[in-house]
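Residue-level structure breakdown
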Amino acid sequence: MSYVFPPAPVASVPVVGTSERFPVHRIYCVGRNYEEHAKEMGFTGREPPFFFMKPADAALPVNAGETGQLPYPSLTANLHHEIELVVAIGKGGKNIAAADAAQHIFGYAVGLDMTRRDLQNEMKKQGRPWCIGKGFEHSAPIGPITPAAQAGDVQNAAIWLQVNGADRQRSTVAQLIWNIAETIEHVSAAWELQPGDLIYTGTPEGVAAVVRGDLLDGGVEGLEPLRLSVV
Ligand code: MN
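Residues numbered from 1 in each chain as written. Predicted model: local features only at pLDDT ≥ 70, side-chain atom pairs only at ≥ 80, totals over all residues. Heavy atoms only, no water.

Next up on the list: the overall build of the protein. The helix and strand tally for the protein stands at four helices and 18 strands. Relative to its length of 231 residues, the protein is compact, with a C-alpha radius of gyration of 17 Å against a globular reference of 17 Å. Sequence-distant contacts, at least 24 apart, represent 77% of the contacts inside the protein between residues at least 6 apart. Surface exposure of the protein reaches about 10500 Å², of which carbon and sulfur atoms provide 53%. (Helix = DSSP H or I, 4+ residues; strand = E, 2+ residues; numbered from the N terminus. Rg over C-alpha atoms; globule rule 2.2 N^0.38 Å. Contact = heavy atoms within 4.5 Å. Areas by Shrake-Rupley, 256 points an atom, 1.4 Å probe, with all protein chains shown as cover.)

Another point: empty space enclosed by the protein. Under the defined criterion, the tally for this structure stands at two cavities of 30 Å³ or more. Quantified by volume, the largest cavity comes out at close to 100 Å³. Surrounding the largest cavity, 17 residues form its lining, G31, R32, H37, E82 and K134 being those nearest its centre. Mapped onto the lining of the largest cavity, the elements with two or more residues apiece are β3 (27-31), β4 (50-54) and α2 (117-126). Among the elements that line the lining of the largest cavity, the one with the most residues is α2, at three residues. For the lining of the largest cavity, the per-class residue count stands at five nonpolar, five polar and seven charged. (1 Å grid on protein atoms, 1.4 Å probe; cavity = no way out; pocket = protein on both sides within 12 Å on 5 of 7 lines; lining within 4 Å. Points joined across faces, edges and corners; volume = space filled by probe spheres on them. Nonpolar A, V, L, I, M, F, W, Y, C, P; charged D, E, K, R; others polar.)

Okay, structure coming up:
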């Protein structure tokens, strides 16, 4: 097989405890999956989960102990942070029952669903797709993936984001409206999950804007932290 030009490199994420990397297939994201965040976005209550996607090469992997560089994207004056627990799928499947979801999980990482909020809001208002608000280059920063067996009690872990050393978001994964297993059940009913898929599980309350020069420190208890500067 030869190509008319070299194929794009495979997006990949470092894995804790090995030099081997996790190759990214797709990036799924869950919308409004923490009640207090749903409220701050003007919605209330538990609604069926809904999803959007980012291209695999939107992943911005950051190695352990390093500070990633997030280029401030074009066309926005309101770039928001959304700190999220990311589930890395190791075994694919369709129509996975929540009770069987654990065996499909390779590991977990800390991620940011960076959002051009002004563009997303404009698209929402017009009933148009969110792609321009959500699916741009470098919009999915992610720290190293911790294999599930070493990740501890992720279901009940604290999750936080600090900007320039001050708390912006702080909650626990236990506050998820649709928990990890239920999320996998719902995603796999709509798409066939594949090894290499990443699921950004949603953000707690406190989303806000960042500007060039900001330093972001994200964490989920038990996982490698994620550090980024906006450039
Ligand atoms: Mn999000």
